[in-house]
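Here's the letter readout for the chains.
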Amino acid sequence: HLTQAHRVSTGEAVVVAVIDSKIDAGHADLEGVVTGQYDALGGVGKPHAHGTAMAGAIAAHGKLLGIAPKVRLLAVRAFAGEGESAAGTSFAILKGLDWSAENGARIVNMSFAGPADPMLRDMLGKAHARGLVLIAAVGNAGARSPPLYPAANRAVIGVTATDAGNKLLPLANRGAQVTLAAPG
């Protein structure tokens, strides 16, 4: 129902931070959308498929159309890796959250999942208190997975994944931490 959703909003004038692996800001579907970049790892990294795909799901406006094609993105590299995998640290995520808030993000997308972390819990609480809308993937460990974070945090909107037929993906996590399901 993307067309109907775009009648309500296309994300115009909204700043969304994407904390992920490095986003390919030069990708044709993301042209002009990335208005700020921060490398929480402090190094030089190549664009990664996961961060670029998440940015595209949100803001693509070329051959593909994202959920909010008129948003402005803040690209935060907190994960590094090659191929399918990318790894990050709580400290890099915390630095990315802080930078996002300081640079005008209204929404923060976190498409990663892991164990509970008291430092991250505290930072998410502070970000939420500042008015940031925090959204996170609940994970892809399956129906029997325990709740994963940051999605299981009370200050975060937890999102699970559906397939092209609008059914839950078999590997999609389920549970009380799920606020909504969306294409994954």
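Residues numbered from 1 in each chain as written. Predicted model: local features only at pLDDT ≥ 70, side-chain atom pairs only at ≥ 80, totals over all residues. Heavy atoms only, no water.

### Observations regarding helix α2 (residues 49-59)
The condition is simple: Partly exposed residues are those whose accessible area sits between 20% and 50% of the maximum for their type, while under 20% is buried and over 50% is exposed, using a 1.4 Å probe and protein chains only. Here a strand is any run of E in DSSP of at least two residues, a helix any run of H or I of at least four, and the numbering for each starts at the N terminus. The arc refers to the directions leading from the helix axis to the C-beta atoms. In this description, contact between two residues means that some pair of their heavy atoms is separated by no more than 4.5 Å.
The complete set of buried residues in α2 reads G51, T52, A55, G56, I58 and A59. Looking straight down α2, one finds that the buried residues subtend no more than 165 degrees of arc, so they occupy a single side. On the buried face of α2, the contacting elements are β1 (15-21), β3 (72-80) and β5 (107-110).

### Some details on the layout of surface pockets
We count it as follows: Buriedness for pockets is judged along seven lines, at least five of which must meet protein on both sides within 12 Å for an open set on the 1 Å grid over protein atoms alone, while cavities are sets there where a 1.4 Å probe fits but cannot get out, and lining residues have an atom within 4 Å of a point. Grid points are joined across faces, edges and corners, and a volume is the space filled by probe spheres set on the points. Residues are grouped as follows: Ala, Val, Leu, Ile, Met, Phe, Trp, Tyr, Cys and Pro are nonpolar; Asp, Glu, Lys and Arg are charged; all remaining types, including Gly, are polar.
What the second largest pocket holds in volume is close to 170 Å³. Around the second largest pocket, the lining residues are P115, A116, D117, P118, L120, R121, L124, Y149, P150, A152, N153 and R154. Looking at the lining of the second largest pocket, its residues break down into 8 nonpolar, 1 polar and 3 charged.

### A word on the side chain of T162
Locating T162 in the fold gives a position in strand β7 (residues 156-162). Its relative accessible area of 6% is what places T162 among the buried residues. Not counting chain neighbours up to four residues away, the residues in contact with T162 comprise K167, L168, L169, A181, A182, P183 and G184.

### Some words on unusual backbone geometry
Here the residue pair Y149 and P150 is connected by a cis peptide bond, since its omega of 15 degrees sits within 30 degrees of zero. The topology assignment puts P150 in the loop between β6 (133-137) and β7. The phi angle at N166 is positive, at roughly 65 degrees, despite the residue not being glycine. Within the secondary structure layout, N166 lies in the loop between β7 and β8 (180-183). Assessed through its relative accessible area of 63%, N166 is described here as exposed.

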